[in-house]
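Structure assessment
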Amino acid sequence: MMMFAEGFSAGKSLISPTIKRKISEIWEDNEFKGDANEIFLAPKRFLGTQTLVLVGLGKKEKFTHVTYRQAVGSVTKFLQGKKFYDCSIIVPQEAWDHFEFDSIISHTIIGAHTASYQFNHYVTQKDSKIQPVSRIFFGSINGAKSKNGDKLIREGEIIAFSINFTRHLGNLPPIDMTPEYMGNEAITLGRKHKQLNVRVMGVEEIRKEKLGGLLAVSLGSYQEPRFIVMEYFGNPDSKDTYVFVGKAITFDAGGISIKPSEKMDEMKFDMLGGGAVMGAIKAIVELKMKVNIVGLVPASENLPGHRAYRPGDIIKARNGKTIEVLNTDAEGRIILADALSYAQDYKPKAVIDLATLTGAVVGALGERYAGIFSRDEEFIESIQAASKSAGELTWRLPLDDEFKEMMKSKIADTQNISGSRYGGASTGAAFLEYFTNYTWAHLDIAGVAWGGENAYRYQGATGYGVQLLVELAKKWAE
Ligand code: BES
Ligand code: ZN
Ligand code: ZN
């Protein structure tokens, strides 16, 4: 397969003159224009036993890592549909004029492997299953080489498979993907990598550790909660430790403040903050990055039931602050209150949490941008940089003292919803800040954590955040 930008001149390439001429003919005959994601399948025997597919990269001025990834994804899905599982990707120089060749390699590998991932674990009829594209070769049209080529391909694979790991956790049905299951996945990772310490707490330990929020939210479910701690000290010479925190509600029915049933099935994805943290840690460990990272994942279900916590309850989080529960569906912030308090023990250099926290952020930013909140300009900037190189979009939203004031209770230290219908993403973030005492940022990924099928991916969990966290860790490892 080859990728072309609009206006590409085949003359510059160093591929064999015959192929070059044949491609020029397609070009001249206007059979293929190079529009973004446009796909051209050359007729049989056009290239002998190999099949030639062209994919457009669109206008050069509009070319970004995101548009490039989409083109790679589109053509990979197309090939997969044709049952070609082996492919060489050849990219013209024009494609990376504005980018480092190395980043083009990474995005090619990650784009292809994530596009071909499909969740078909529960489809019993074998032949309706689509296989992932298993082998991807990479070349450049003019013979440009990267001295890190092989390494970058391996790294790209590690990141892609970690993204797909997170997506798999998200796509699993909640009857199987319980807090216990999530804990076991963490334990399995810990067994595989001896540099990774994993500790998974059950109810008794959670009580002992005074994680009162996690305990309260879990009460309505037969499934017991877990508190997952994953420690990776890849740079023992440094005192700097960073913490990733991820919300993992394995199913959010809303509790006593029950949700309407329309689309309630999607609340199996409410664990994807935690899923992204686990995927990122998996990648960081496998990449053997020189950095100290701790992942904290509070995992619970949120169901109504005769034992469930209720509106009116007041509970105490790990840092001693009390929370008046006014709506049991604002449960993510309650379990995060404990996890963010727990992060204080590490005296962290910085903490970032990922959570499918509010419907409000989806209203504000739609399904492409995650909301980011932080008081620390420098931290915001490094997250935005990581977001850019990962091609996972973020947009800053406000967090200030007035939002924080709105989360004060008359009869407890905080309340879990504000008195206003508006600004829900910001009031959610403001609530979380009561449980932090370090440099901190919050990512509300409710709009981006899952989505429908499109040209470059199948429907379901997206794995958003895994690559962003890996990019952040890369910066810290410098
Ligand atoms: N998990 C939901 C947020 C959510 C809703 C994510 C829709 C993705 C799509 C969260 O626990 C929740 O229910 N939040 C409430 C908060 C409200 C009660 C203040 C919400 O957004 O409605
Ligand atoms: Zn909820
Ligand atoms: Zn939730």
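Residues numbered from 1 in each chain as written. Chains lettered and ligands numbered in written order. Predicted model: local features only at pLDDT ≥ 70, side-chain atom pairs only at ≥ 80, totals over all residues. Heavy atoms only, no water.

**Digging into the overall build of the protein chain**
In terms of helices and strands, the protein chain carries 14 helices and 19 strands. Since a compact globule built from 478 residues should have a radius of gyration of about 23 Å, the 24 Å found for the protein chain is in line with a globular shape. Dimensions of the protein chain, computed from the C-alpha atoms along their principal axes, are close to 80 × 50 × 45 Å. When the 478 residues of the protein chain are sorted by exposure, 57% land in the buried category. (Helix = DSSP H or I, 4+ residues; strand = E, 2+ residues; numbered from the N terminus. Rg over C-alpha atoms; globule rule 2.2 N^0.38 Å. Buried < 20%, exposed > 50% of the residue type's maximum accessible area, 1.4 Å probe, protein only.)

**Observations regarding unusual backbone geometry**
A positive phi is found at K210, a non-glycine position, where the angle reads about 60 degrees. Using a relative accessible area of 58% as the deciding quantity, one classes K210 as exposed.

**Some remarks on the site of ligand 1**
In the vicinity of ligand 1, 16 residues are found, and the nearest of them are K259, D270, D329, E331 and G359. Here E331 contributes a side-chain N or O atom positioned 2.8 Å from an oxygen atom of ligand 1. Contact between ligand 1 and L357: a nitrogen atom at 3.4 Å from a main-chain N or O atom of the residue. According to the grid-proximity analysis, the pocket containing ligand 1 is the largest pocket. Of the residues contributing to the shell around ligand 1, the split by class is 5 nonpolar, 4 polar and 7 charged. (Near = heavy atom within 4 Å. Polar contact = N/O pair within 3.5 Å; in protein donor to acceptor, adjacent residues only side chain to side chain. 1 Å grid on protein atoms, 1.4 Å probe; cavity = no way out; pocket = protein on both sides within 12 Å on 5 of 7 lines; lining within 4 Å. Sits in = over half its atoms within 2 Å of the grid points. Nonpolar A, V, L, I, M, F, W, Y, C, P; charged D, E, K, R; others polar.)

**What to know about the sheet that holds strand β16 (residues 414–415)**
Taken in spatial order, the 3 strands line up as β11-β12-β16 in an open sheet, and their pairing is mixed. A strand with exactly one partner marks an edge of an open sheet, and here the two such strands are β11 (314–316) and β16. Bridging between β11 and strand β12 (residues 322–324) involves 3 bridges; their strand directions are antiparallel. Bridge pairing in β12 places I314 opposite E324. (Pairing = 2+ DSSP bridges.)

**Section: the nonpolar core**
Core analysis: the biggest nonpolar cluster contains 64 residues, and F244 and I352 have the highest contact counts within it. Element by element, the count of residues in this core is highest for helix α8 (residues 272–286), at 9 residues. Residues contacting I352, with those up to four places away along its chain left out, are V243, F244, V245, F379, I383, A441, L443, L469 and L472. Judged by nonpolar contacts, the second largest core, of 49 residues, contains A337, A339, L399 and F403. (Core = buried A, V, L, I, M, F, W, Y, C linked by side-chain atoms within 4.5 Å. Contact = heavy atoms within 4.5 Å.)

**Things to note about the coordination of the zinc ion (ligand 2)**
In an ideal octahedron of six donors the angles at the metal are 90 or 180 degrees, and in an ideal tetrahedron of four donors they are 109.5 degrees. Taken together, D252 (OD), D329 (O), D329 (OD) and E331 (OE) make up the full set of protein donors to the zinc ion (ligand 2), lying 2.0 to 2.2 Å away. One can describe the site at the zinc ion (ligand 2) as irregular: its 6 donor atoms subtend angles covering 70 to 167 degrees at the metal. Summarised as a motif, the one-chain spacing of the donors to the zinc ion (ligand 2) is D-x76-D-x1-E. (Donors = N, O, S within 2.8 Å, 3.2 Å for Na, K, Ca; no water. Tetrahedral: all angles 85-135°; square planar, octahedral: opposite > 155°, others 65-115°.)

**Comments concerning helix α5 (residues 179–192)**
For α5, spanning 14 residues, the distance from its first C-alpha to its last is 20 Å, which sits close to the expected 20 Å at 1.5 Å a residue. Along α5, the residues classified as buried are P179, M182, G183, A186, L189 and G190. Burial along α5 is one-sided: seen end-on, the buried residues are contained in an arc of 115 degrees. Residues of α5 that are exposed and point more than 90 degrees away from the buried face comprise R191 and K192. (Expected span 1.5 Å × (residues − 1). Arc of directions from axis to C-beta.)

**Description of the packing of aromatic side chains**
What the rule picks out here adds up to 12 aromatic pairs. Between Y369 and W395, the ring centres sit 5.6 Å apart and the planes meet at 90 degrees, which makes this aromatic pair edge-to-face. One end of the pair, Y369, is in the loop between α10 (359–365) and β14 (370–374); the other, W395, is in strand β15 (residues 394–396), with 26 residues separating them in the sequence. Taking the relative accessible area as the measure of exposure, Y369 reaches 24% and is therefore partly exposed. An aromatic cluster of at least three residues, connected via ring pairs, comprises Y242, F244, F379 and W476. (Phe/Tyr/Trp six-rings, centres within 6.5 Å; stacked < 30°, edge-to-face > 60°.)

**Observations concerning the pattern of salt bridges**
Counted according to the given criterion, the structure contains 19 salt bridges. Here E286 ties to K282 by a salt bridge, and the two come within 3.2 Å at their closest N and O atoms. Placement of the pair is E286 and K282 together in helix α8, with a separation of 4 residues, close to one helical turn. On the basis of relative accessible area, E286 is assigned to the partly exposed category, the value being 22%. Linked by salt bridges that have partners in common, R199, E205, E209, R318 and D345 make up one network. (Salt bridge = Lys/Arg side-chain N within 4 Å of Asp/Glu carboxyl O.)

**Section: the coordination of the zinc ion (ligand 3)**
With distances of 2.0 to 2.4 Å, the protein atoms coordinating the zinc ion (ligand 3) are K247 (NZ), D252 (OD), D270 (OD) and E331 (OE). Angles of 77 to 171 degrees at the metal separate the 6 donor atoms of the zinc ion (ligand 3), which places the site in the octahedral class. Read from N- to C-terminus, the donor residues coordinating the zinc ion (ligand 3) fall into the pattern K-x4-D-x17-D-x60-E. Here the zinc ion (ligand 3) and the zinc ion (ligand 2) are spaced 3.2 Å apart, linked through D252, which binds each one. Residue K247 is located in the loop between β8 (242–246) and β9 (248–252), and its partner D270 is located in the loop between β9 and α8; the two are separated by 23 residues in the primary sequence.

**Quick word on the packing of helix α4 (residues 149–171) against helix α14 (residues 466–476)**
If you want to describe how two helices pack, look at the angle between their axes and the distance between the axes. Running from amino to carboxyl end, α4 crosses α14 at an angle of 135 degrees, the nearest separation of the two axes being 9 Å. Taken together, the axis directions place α4 and α14 in an arrangement best described as oblique. Here I159, S162, I163 and T166 of α4 come into contact with α14, specifically with V466, Q467 and V470. (Axes fitted to C-alpha atoms, helices over the stretch in contact; angles between N-to-C directions. Parallel < 35°, antiparallel > 145°, perpendicular 65-115°, else oblique.)

**What about the packing of helix α2 (residues 65–81) against helix α3 (residues 101–115)?**
One can describe the packing of α2 onto α3 by two numbers: an axis separation of 8 Å at closest approach and a directional angle of 40 degrees. Viewed along their axes, α2 and α3 adopt a mutual orientation that is oblique. α2 and α3 meet at a crossing whose hand is right-handed. Residues H65, Y68, R69, V72, G73, T76, K77 and Q80 of α2 touch α3, and the partners they reach there are S103, I104, H107, T108, I110, G111, A112 and A115. Across the contact of α2 with α3, the residue classes break down as 6 nonpolar, 8 polar and 2 charged. (Left-handed = near helix turned anticlockwise from the far one by under 90°.)

**Considering α2**
Given a rise of 1.5 Å per residue, 17 residues ought to cover 24 Å, and the 24 Å separating the end C-alpha atoms of α2 matches this to within 8%. Taken across its 17 residues, α2 has 12 buried, putting it largely inside the fold. One or two residues past the end of α2 sits K83, with phi positive at roughly 65 degrees.

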